Amino acid sequence: MKFDIMANISFNITGKENTTVEVINTIGQTVESISLGKVTGPQLIELSALDLPSGFYLVNVKAGPNSIPSRLTVNK
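Residues numbered from 1 in each chain as written. Predicted model: local features only at pLDDT ≥ 70, side-chain atom pairs only at ≥ 80, totals over all residues. Heavy atoms only, no water.

**Concerning the sheet that holds strand S2 (residues 30-48)**
Selection criterion: By this definition, two strands are paired if DSSP reports at least two bridges between them. Strands are runs of DSSP state E lasting at least 2 residues, helices are runs of H or I lasting at least 4, and numbering of each runs from the N terminus. Here an axis means a line fitted to C-alpha atoms, over the contact stretch when the element is a helix, while the angle between two N-to-C directions is reported on a 0 to 180 degree scale.
The sheet built from four strands is open, its strands ordered S2-S1-S3-S4 with antiparallel pairing. The two strands at the open ends of the sheet, each matched to only one other strand, are S2 and strand S4 (66-74). Recorded for the sheet is a direction-independent mean angle of 25 degrees between the axes of neighbouring strands. Summarising the sheet, strand S1 (residues 6-24) and S2 pair through 16 bridges and their orientation is antiparallel. Directly across from Thr20, in S2, lies its bridge partner Ser35.

As structure tokens, this is what we get:
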């Protein structure tokens, strides 16, 4: 049996902005980047953490000139 480890990332974009979600490891490498294009309103991204090693990550949501970081912990 195979399980997928998922992280849900939700945020709200108030204007129509080019939006990117990046997952960055502890040494500053971008391990995943998801470009959403120009979006507006509530967003929900399902991120598979199956291929990520256990550890801490920074999830950075960039929308236009704004950037909102948050932490993600992967425990396997």
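**Quick notes on the environment of Lys76**
Along the chain, the position of Lys76 falls in the segment after S4. Taking the C-alpha atoms as reference, Lys76 lies 9.1 Å from Gly55; in sequence the two are 21 residues apart.

**Remarks on the pattern of salt bridges**
How we decide: Should a side-chain nitrogen of Lys or Arg be within 4 Å of a carboxyl oxygen of Asp or Glu, the pair is scored as a salt bridge. Buried means the residue's accessible area, taken with a 1.4 Å probe over protein chains only, is under 20% of the maximum for its type, while exposed means over 50%, and partly exposed covers the values in between.
One pass over the structure, following the stated rule, counts one salt bridge. The partner of Glu22 in a salt bridge is Lys62, with the nearest N and O atoms 3.4 Å apart. Of the two residues, Glu22 is situated in strand S1 and Lys62 in strand S3 (residues 55-63); the sequence distance between them amounts to 40 residues. Glu22 gets classed as buried once you look at its relative accessible area, which sits at 14%. By relative accessible area, Lys62 is classed as partly exposed at 34%.

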